[in-house]
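Close look at the chain arrangement
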Amino acid sequence: MTASMISLDSSASAKTSDNRLTNAKSDSCKSSSCGSTAKPDDMDPATWEKIKDHPCYSEEAHHYFARMHVAVAPACNIQCNYCNRKYDCANESRPGVVSEKLTPEQALRKVISVANEVPQLSVVGIAGPGDACYDWRRTKATFEKVAAEIPDVKLCISTNGLALPDHVDELARMNVDHVTITINMVDPQIGAKIYPWVFYNHRRYTGIEAAEILHKRQMLGLEMLAARGILVKVNSVMIPGVNDEHLIEVNRWVKERGAFLHNVMPLISDPAHGTYYGLTGQRAPRAIELKALQGRLEKGAKLMRHCRQCRADAVGLLGEDRGKEFTLDHIPDAVSYDERNREAYREVVARERGNHAAAKSEAIEMVKAAGPDGSLHVAVATKGGGRINEHFGHAKEFQIYEASPRGIAFVGHRKVEQYCRGGWGDDATLDGVIVALEGIDIVLCAKIGDCPKKRLADAGIRAVDSYTYEYIETAISMVYATEFGVDLLTGTA
Amino acid sequence: MAFKIIASQCTQCGACEFECPSGAIELKGENYVIDPKKCTECEGAFETQQCASVCPVPKTCVPA
């Protein structure tokens, strides 16, 4: 295992771009696979070009690249039973929640600040808190300003689809390559249970009539985008007893109409949020129910499994939210874009991800070669870059991988409360972490103390911190080989 | 003949502002307000009052 030890983490946090370039140069093509691509075999190059830097559209890219949402579109044209725009909380991470709404001018200042400070930034999205296509003037003004200042940043929007067909041509003209439509039904009978009303052509529609209008507009918008080669991700909220079984049909419909990715997300229905579903006691699906449904959708449209249901003003890599660092009071009145940080980071990533892809396929081959019997559930603590580089106690989530004779697959993430705060570990928090890690065989992290390690062992979970800075898949393959008695040297021979 | 916005209910989403055919709604400080001199209750323009129809919060755009 000779994976180079450069840390993207150190590169991303380097204070000056000179530092970063030095870091980058120290990783001088050590791997024989230099120049190889991380492109999956079953994807055409043009599509890969579109998604390779988009953390939401590519699971591989989400280790390297960050997105930000600018909350410039507060107005919405439909009501959903899982949404309540009256409620906001700084500590919540869920779609629709924002701390401050921005004008297009303020949004541009924020984008420039983030681009200067967060070199991983590759995507600027508008995802509410209302609807980006309905609140079109503000969406358009924001995109035009951002594209003029930072031409290479990807633009993306999220919409309920009702007003989408009116703006598809403009989206195409503005080089918006990625559109997410939230589609929860194709049967208006079911839609009527999710949407109390829509506002369309200057009047409010309710009941089945409302759901019919929404459905037709969503399908039309999807078809129009697909015809123009714009990638469409479909988000569906899984609502037990309302549309859970129905989402299989939704998956089929959207696949037939050219959706690139389908993201089934669990309903969030805390009564404290004051949503209709929260107040009527509609329950959310359990993690195991969501996973079972995703399993049944495996043959349909490609599934997204790394979604974090982020806030409409989230900033950073998918697993983190640095939004609080970039509220308006933290941003100077005048900012100017400095492209050096992002450019230097991209140079490092271009080299790094080739190495990572090679190490990953080597690791997967090794696991496949190890024999027919093994199965291992692994939780990984990482802060990005595809490596094991987060302390157990600092992790706010673990990425979950399954290793089996079929290879190594990312299957999701589990959020936990950070166990260690300022050097102290809290026993009650650790109990919660252990519950969240139910069913996991092995935890891989950069470092773990003896005490939590023993507590985990008592719960039947082994914690291993001897693969620090190793690629995730490489470490998993080594653990797997040891576990199932394969000699590493013969395994890689 | 005018509508008003109940400020304590309003989420400042602004949908009413751009739907109002009379240009009667604007953000003043923290609140959206309807100018009663300009508000026509959408008579002659639309069959329903646009602000009340689009407002996501019930009983927020109401007859003054």
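Now for a look at the structure at hand. None of the values given here were measured: they were computed from a predicted structure. (Residues numbered from 1 in each chain as written. Chains lettered and ligands numbered in written order. Predicted model: local features only at pLDDT ≥ 70, side-chain atom pairs only at ≥ 80, totals over all residues. Heavy atoms only, no water.)

Focus: the overall build of chain B
- In terms of regular secondary structure, chain B is built from 2 helices and 4 strands.
- Going from the N terminus to the C terminus, chain B shows its helices and strands as β-α-β-β-α-β.
- The principal-axis extents of the C-alpha atoms in chain B amount to approximately 30 × 20 × 20 Å.
- Sequence separation of 24 or more characterises 60% of the internal contacts of chain B that already satisfy a separation of 6 or more.
- Carbon together with sulfur atoms contributes 51% to the accessible area of chain B, which is approximately 3,500 Å² in total. (Helix = DSSP H or I, 4+ residues; strand = E, 2+ residues; numbered from the N terminus. Contact = heavy atoms within 4.5 Å. Areas by Shrake-Rupley, 256 points an atom, 1.4 Å probe, with all protein chains shown as cover.)

What to know about the pattern of salt bridges
All names here are of chain A.
- Across all of its chains, the model carries 30 salt bridges over all chains by this definition.
- In this structure, Arg-346 and Asp-152 form a salt bridge, with 4.0 Å as the shortest nitrogen-oxygen distance. Residue Arg-346 is found in helix 12 (residues 340–369), and its partner Asp-152 is found in the loop between helix 5 (136–149) and strand 4 (154–159); the two are separated by 194 residues along the sequence.
- On the basis of relative accessibility, which here comes to 39%, the residue Asp-152 falls in the partly exposed class.
- Across the pair Glu-245 and Arg-296 runs a salt bridge whose closest N-O atoms are separated by 3.0 Å. (Salt bridge = Lys/Arg side-chain N within 4 Å of Asp/Glu carboxyl O. Buried < 20%, exposed > 50% of the residue type's maximum accessible area, 1.4 Å probe, protein only.)

Notes on the interface of chain B and chain A
- In this assembly, 19 residues from chain B lie in contact with 16 residues from chain A.
- The tally of links between chain B and chain A comes to 0 salt bridges.
- The interface formed by chain B and chain A holds 8 residue pairs in polar contact (both at pLDDT 80 or more) in total.
- For the side of chain B that touches chain A, the leading source of residues is helix 2 (residues 50–54) of chain B, giving 4 residues.
- Looking at the side of chain B that touches chain A, its residues break down into 9 nonpolar, 8 polar and 2 charged. (Polar contact = N/O pair within 3.5 Å; in protein donor to acceptor, adjacent residues only side chain to side chain. Nonpolar A, V, L, I, M, F, W, Y, C, P; charged D, E, K, R; others polar.)

Concerning the nonpolar core
Residues and elements named next belong to chain A.
- Among the nonpolar cores identified, the biggest contains 79 residues, and Val-70 and Val-179 are the most heavily contacted of them.
- For this core, the leading source of residues is helix 4 (residues 104–117), giving 6 residues.
- Beyond its immediate stretch of four places on either side in the chain, Val-70 contacts Leu-102, Ala-107, Val-111, Val-124, Gly-125, Ile-126, Gly-128, Thr-142 and Ala-312. (Core = buried A, V, L, I, M, F, W, Y, C linked by side-chain atoms within 4.5 Å.)

Topic: the packing of helix 12 of chain A against helix 15 (residues 472–483) of chain A
Residue and element names in this part refer to chain A.
- One can describe the packing of helix 12 onto helix 15 by two numbers: an axis separation of 8 Å at closest approach and a directional angle of 20 degrees. By the angle between their axes, helix 12 is roughly parallel relative to helix 15. The way helix 12 lies across helix 15 gives a crossing that is left-handed. Between helix 12, through His-356, Ala-359, Lys-360, Ala-363, Met-366 and Val-367, and helix 15, the contact on the second element is made entirely by Glu-473, Thr-474, Ser-477, Met-478, Tyr-480 and Ala-481. (Axes fitted to C-alpha atoms, helices over the stretch in contact; angles between N-to-C directions. Parallel < 35°, antiparallel > 145°, perpendicular 65-115°, else oblique. Left-handed = near helix turned anticlockwise from the far one by under 90°.)

Side note on the side chain of Gln-218 of chain A
- Take Gln-218 of chain A: it is sitting in helix 8 (residues 207–227).
- Using a relative accessible area of 0% as the deciding quantity, one classes Gln-218 of chain A as buried.

Considering the pairing of strand 4 of chain A
Residues and elements named next belong to chain A.
- The buried fraction of strand 4 amounts to 5 of the 6 residues, a majority that puts the element mostly inside the structure.
- Relative to strand 4, strand 3 (residues 121–126) runs parallel, the two sharing 4 bridges. Across the sheet, Val-123 pairs through a bridge with Lys-154, a residue of strand 4.
- Sheet topology places strand 4 next to strand 5 (residues 178–182); 4 bridges connect them, and they run parallel. Looking at the pairing, Cys-156 lines up with His-178 of strand 5.
- For the segment spanning strand 4, helix 6 (residues 168–173) and strand 5, crossover handedness is right-handed. (Pairing = 2+ DSSP bridges. Right-handed = clockwise from strand over helix to strand, strands pointing away.)

Digging into the sheet that holds strand 13 (residues 407–415) of chain A
Residue and element names in this part refer to chain A.
- The strand order 13-12-11-16-17 describes an open sheet built from 5 strands, whose pairing is mixed. Single-partner strands in this sheet number two, and they are strand 13 and strand 17 (462–464). When the angles between neighbouring strand axes are averaged without regard to direction, this sheet yields 25 degrees.
- Examined bridge by bridge, strand 16 (residues 442–444) and strand 17 share 3 bridges and lie parallel to one another. Counterpart to Leu-444 in the pairing with strand 17 is Val-464.
- Against the sheet, helix 12 engages strand 12 (397–404) and strand 13, with an angle of about 110 degrees to strand 13.

Points about the packing of aromatic side chains
All names here are of chain A.
- Counting across every chain of the model gives 7 aromatic pairs over all chains.
- Taking 5.5 Å as the distance between ring centres and 75 degrees as the angle between the ring planes, the aromatic pair formed by Tyr-401 and Phe-410 counts as edge-to-face.
- Of the residues examined, Tyr-401 reaches a relative accessible area of 2% and is grouped as buried.
- On the basis of relative accessibility, which here comes to 12%, the residue Phe-410 falls in the buried class.
- Both rings, one in Tyr-480 and one in Phe-484, keep their centres 4.7 Å apart while their planes meet at 55 degrees; by these two values the pair is tilted.
- The buried category is assigned to Tyr-480, whose relative accessible area is 1%. (Phe/Tyr/Trp six-rings, centres within 6.5 Å; stacked < 30°, edge-to-face > 60°.)

As for empty space enclosed by the protein
Residues and elements named next belong to chain A.
- Inspection of the entire model under this criterion finds 4 cavities of 30 Å³ or more.
- Looking at the largest cavity, its volume works out to about 890 Å³.
- Counting residues per element, the ones that place at least two in the lining of the largest cavity are strand 1 (66–69), strand 3, strand 4, strand 5, strand 8 (231–238) and strand 9 (261–266).
- Among the elements that make up the lining of the largest cavity, the one with the highest residue count is strand 4 (4 residues).
- For the lining of the largest cavity, the class distribution of residues is 25 nonpolar, 16 polar and 7 charged. (1 Å grid on protein atoms, 1.4 Å probe; cavity = no way out; pocket = protein on both sides within 12 Å on 5 of 7 lines; lining within 4 Å. Points joined across faces, edges and corners; volume = space filled by probe spheres on them.)

Read these as layout, nothing more, since geometry by itself doesn't imply function.
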